[in-house]
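# Structural features, examined
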Amino acid sequence: MDTAPEIVSDEAGSFPWSVLHDRHPALIDKVRHGLPYPPMIQRALDELAEQTQDVIRPLPASAADHDLWRERAGEYLGRSWYAVPFLWSESYFYRLLLGAVGYFDGPWRGVDPFEPFKSEELRTGALARDLAALDDLDRLSVADQDAALLSASLWGNRADLGFQISTRLDQDGQGALVADQSARLWELLAGSAPGTVCVVADNAARELVPDLVLADQLLTTGRARTVVLHVKPHPYYVSDAVTADVVAALRTMSAASGRAALTGRRLWRSVVDGTLVVRAHPFSCAPWSYHRAPADLADDFASATVTVMKGDLNYRRLVGDREWPNATAFEAVTAYFPGPVAAIRTLKSDVVVGVSDEQRARLDATGERWRTSGTHALVQVRDR
Ligand SMILES: O=P(O)(O)OC[C@@]1(O)O[C@H](CO)[C@@H](O)[C@@H]1O
């Protein structure tokens, strides 16, 4: 199929421009105050703030992944951050941020700079209410439980702490779906022998908890024999889940009461007995779309009954971070993907496909920033 230009950040006032221009500096500031970083790290953060408004420079020669990123950067080195693909520049920003806080070596090695924000979210009353609400599921049919849990997982995607740096949102309010193909997902699972379901997780805490509850539902109702949960190998996009966040979520659930606690303990055992598998593939933090997924990861997706892609960034990586005409078919842009795939996402960036011209005109006429404000969501499924 025809392709579309990659999204870059060079148009002042555009969404990608605002991420580089406003969100990243604000994030550097937030990280600086999240932990008692010493003067050397404070200076490195100052340098990062300057560098990201200048031209792209290579990693220090001493960095273990210097060569890897030199190859990934190629011709981007020396160019403005605003002139290269948005997907690439964001990913490199997070790599540099981790470097600045000493994540890869020295005494701050392995200390997640975003952990204070993720932990705070795990302690919120909102999450406690989410957990208590799980008790209501007992009164519902399995189909209604499925719908409720999918909805919780979908709207949990608003719990994205990077996004919240630049957007104020009522976290509890649900918005409108621009596409809802969830029936296809349930039919696909019902029509397949119980196998593996891949869930490519997005954010920790208030998004990961409903994702885990959904995984438990698939396992306990026999629609999945195994759930493979892909998390990030290192902190990324502020609140993206790493393995430690899975453990933290399971602990929080297990320490709650009622159905939440039972589910948390059951999931804990599922990890122990290998029916819930946590993977942290290096490609999950690569600056590329899934078109470039390496063979072992593609095999994982190919062998799954379905791969559930959570969140906005995964959507961009799935369909390609390009200026697609909105009416482009989801099936067409995901035809390359090795196996059935479902995208479950609130809209927080410009990329969206599968929205007809009439629907787009109606949405545009509302005057709302429906593509980027997290008020709208979608469930899109390619079931073959
Ligand atoms: O993937 P998520 O957590 O749903 O969203 C990630 C996000 O906040 O970050 C990017 C901009 O920095 C956008 O893709 C999106 O707004």
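Scoring rules and cut-offs
- Every chain begins its residue count from 1, and numbering advances along the sequence as written.
- Reporting in this predicted model follows two pLDDT cut-offs: at least 70 for local features of residues, and 80 or more for side-chain atom pairs to be given and counted; totals over whole chains, interfaces and linings ignore these cut-offs and use all residues.
- The side-chain values count all of the structure's non-hydrogen atoms but skip hydrogen atoms and water molecules.
- UniProt positions are given in the numbering used here, feature names are shortened, and annotations may be inferred rather than shown by experiment.
- Each pair of strands is called paired provided DSSP finds at least two bridges between the two strands.
- Think of it this way: any DSSP run of H or I at least four residues long counts as a helix, any run of E at least two long counts as a strand, and we number them from the N terminus.
- A fitted line through C-alpha atoms serves as each axis, taken over the contacting stretch for helices, and the angle formed by two N-to-C directions is quoted from 0 to 180°.
- What makes a nonpolar core is a set of buried Ala, Val, Leu, Ile, Met, Phe, Trp, Tyr and Cys residues whose side-chain atoms join them at distances within 4.5 Å.
- A 1.4 Å probe rolled over the protein chains alone gives each residue an accessible area, and that area as a share of the maximum for its type sets the label: buried under 20%, exposed over 50%, partly exposed in between.
- Just so you know, the domain bounds were taken from an automatic or database domain assignment.
- We define a salt bridge as a side-chain nitrogen of Lys or Arg found within 4 Å of a carboxyl oxygen belonging to Asp or Glu.

As recorded by an unreviewed UniProt entry, the protein chain carries the name Damage-control phosphatase ARMT1-like metal-binding domain-containing protein and is attributed to Actinophytocola xinjiangensis. Here the protein chain is described in UniProt, under the heading Sequence similarities (unreviewed entry), as follows: "Belongs to the damage-control phosphatase family. Sugar phosphate phosphatase III subfamily."

Attention now moves to the sheet that holds strand S3 (residues 224-230). Taken in spatial order, the seven strands line up as S1-S7-S6-S5-S2-S3-S4 in an open sheet, and their pairing is mixed. With one partner strand each, in any of the chains shown, strand S1 (176-180) and strand S4 (276-279) form the two edges of the open sheet. Sheet twist, expressed as the average angle between the axes of neighbouring strands with direction ignored, equals 15 degrees. Summarising the sheet, strand S2 (residues 195-200) and strand S5 (residues 306-310) pair through four bridges and their orientation is parallel. Residue pairing for S5: Val-199 is matched across the bridge by Val-308.

Let us now look at the nonpolar core. Trp-88, Tyr-94, Leu-97, Tyr-315, Leu-318 and Val-319 are the most contacted members of the largest nonpolar core, which totals 74 residues. Counting residues per element, this core draws most heavily on helix H4 (residues 86-100), at ten residues. Each of two domains, domain 1 (15-100) and domain 2 (115-382), supplies a minimum of three residues to this core. In this structure, Leu-189, Val-197, Val-199 and Ala-249 belong to the second largest nonpolar core, which totals 45 residues.

On inspection of all chains with the given rule, the structure shows 22 salt bridges. With its nearest N and O atoms 2.7 Å apart, the salt bridge here joins Glu-207 to Lys-310. Residue Glu-207 is located in the loop between S2 and helix H10 (208-220), and its partner Lys-310 is located in strand S5; the two are separated by 103 residues in the primary sequence. By relative accessible area, which is 0% here, Glu-207 ends up buried. Its relative accessible area of 1% is what places Lys-310 among the buried residues. We note a salt bridge from Asp-240 to Lys-232, for which the minimum N-O separation is 3.2 Å. When salt bridges that share partners are traced, they join Asp-29, Arg-32 and Asp-46 into one network.

Here S5 lies mainly inside the structure; five of its five residues are buried. Taking every second residue as pointing to the same face, both faces of S5 are buried, with Val-306, Val-308 and Lys-310 on one and Thr-307 and Met-309 on the other. Here four bridges tie S5 to strand S6 (residues 341-346), and the two strands are oriented parallel to one another. Opposite Met-309, over in S6, you have Ala-343 as the bridge partner.

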